[in-house]
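# Tertiary structure, described
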Amino acid sequence: MRTQQVGLTRGGRDGYNGWEVAHPLDGSSLEGVAMAGFRDRAAAGLDMRVLPQPAVIVVIGLGDTRLTVDGPGGHRPMTNLVASMTPGPARIRGERVECVEVRLSPRAAYTVLGVAPHELHGSVKSLEDLWGPRALRLVERLSDTGGWTERLALTDAFLTERAVVAPAMSPEVAGVWETIVARRGSVRITDLAASCGWSRKRLWSRFDAQIGLTPKRAAMLVRFDHAARALTSGGSIGDVALACGYADQSHLHRDVLALAGFTPGALAAMDTSAG
């Protein structure tokens with residue numbers, strides 16, 4: 001596995017300030033998995049809000065990394081963490097941060113995490129809570145490996161090994177999720193059920209069991225993700241509501257408040273970048 005290492009200094013929801021970032025040039029061996037290595041070169045520390053998003057985020061801290069999570073579960077020290085798609089209002093702070101971050105689509109998360117999706121709903125958990133001693137062994141192996149190329153290859157191999165023996169998401173559920181993403185959350189549940197030949201009740205039950213959200217909540221989350229990116233990039237609330245498929249600004253306000261815990265105006269003014 002080859003990597004590209006870059007130092008980025010740019011703002012925005014996906015920006016990094018004073019961080020060394022390494023991306024695998026060949027991507028991951030698994031569909032729906034994206035990885036990167038991060039090192040706080042400026043030693044400025046990490047202070048970042050965690051927003052709901054249509055992916056499960058795994059952070060594997062290395063070396064002297066120390067993280068704390070302030071969220072629904074209170075103030076908790078962690079070295080590694082798993083953030084669900086809807087983690088609730090949460091803030092992550094850290095010092096001497098050096099880590100591998102893995103972004104998992106719901107389909108990939110269902111395959112490699114080894115935990116029922118509903119157990120992650122609304123939470124940020126320690127990776128040891130999910131993988132036990134295997135998480136500690138992975139951290140030790142990554143910490144003993146010097147370069148990002150080797151670290152990301154090791155992480156990729158670990159996830160691939162887990163996927164071999166894991167259950168696969170049903171094609172109907174996977175197809176419905178992909179439709180929700182492709183249509184940016186602008187879908188009707190009746191149409192989704194018809195597309196896979198299921199009743200609404202069966203779709204609701206199977207989707208919730210394998211994704212961890214109901215189809216309606218998943219559509220709400222995908223729509224919110226596009227709106228959050230537009231708002232933090234400087235879009236006006238009215239324009240964002242129209243572009244992202246909300247009925248009006250009040251609809252946008254209700255969804256943002258329900259998912260993120262604050263208003264669209266507060267979200268637009270928020271610095272959600274690392275650093």
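Keep in mind that what you see is a predicted model, and the values were worked out from it rather than measured.

### A word on the confidence of the model for the protein
Here the protein averages 88 in pLDDT, and 92% of its residues register 70 or above. Considering only residues more than four positions removed or in separate chains, one finds that residues 5-15, a stretch of pLDDT under 50, has 30 contacts.

### Details of the packing of aromatic side chains
Inspection of the entire model under this criterion finds one aromatic pair. Arranged with centres 5.1 Å apart and planes meeting at 55 degrees, the rings of Trp131 and Phe158 form a pair that is tilted. Taken as a pair, Trp131 in helix α2 (residues 127-131) and Phe158 in helix α4 (residues 148-164) lie far apart in primary sequence, 27 residues in all. For the pair Trp131 and Phe158, a shared accessibility class is recorded, and that class is buried. Above the face of the Tyr246 ring, Arg223 is positioned so that its terminal group lies 5.1 Å from the ring centre.

### Things to note about the sheet that holds strand β7 (residues 74-78)
Here four strands make up an open sheet; going across it, the order is β4-β9-β6-β7 and the pairing antiparallel. With one partner strand each, in any of the chains shown, β4 (46-50) and β7 form the two edges of the open sheet. Averaged over all pairs of adjacent strands, the angle between strand axes in this sheet comes to 20 degrees, irrespective of strand direction. Alignment of β4 against strand β9 (residues 90-95), held across five bridges, turns out to be antiparallel. Residue pairing across strands places Leu46 opposite Gly94, the latter belonging to β9.

### A closer look at the side chain of Asp255
Here Asp255 lies in helix α10 (residues 249-260). A polar contact of 3.3 Å, which involves the side chain of Asp255, links it to the side chain of Arg223. Not counting the four nearest positions on each side in its chain, Asp255 is found in contact with Met220, Arg223 and Tyr246.

### Concerning helix α8 (residues 215-232)
Its 18 residues give α8 an end-to-end C-alpha distance of 26 Å, which sits within 8% of 26 Å, the value for a rise of 1.5 Å per residue. Of all 18 residues in α8, 13 are buried, a share of seventy percent or more. Positioned one or two residues after α8, Gly234 has a phi angle of 105 degrees, which is positive.

Rules used in this analysis
Residues numbered from 1 in each chain as written. Predicted model: local features only at pLDDT ≥ 70, side-chain atom pairs only at ≥ 80, totals over all residues. Heavy atoms only, no water. pLDDT = per-residue confidence, 0-100. Contact = heavy atoms within 4.5 Å. Phe/Tyr/Trp six-rings, centres within 6.5 Å; stacked < 30°, edge-to-face > 60°. Helix = DSSP H or I, 4+ residues; strand = E, 2+ residues; numbered from the N terminus. Buried < 20%, exposed > 50% of the residue type's maximum accessible area, 1.4 Å probe, protein only. Lys NZ or Arg CZ within 6 Å of the ring centre and 35° of its normal. Pairing = 2+ DSSP bridges. Axes fitted to C-alpha atoms, helices over the stretch in contact; angles between N-to-C directions. Polar contact = N/O pair within 3.5 Å; in protein donor to acceptor, adjacent residues only side chain to side chain. Expected span 1.5 Å × (residues − 1).

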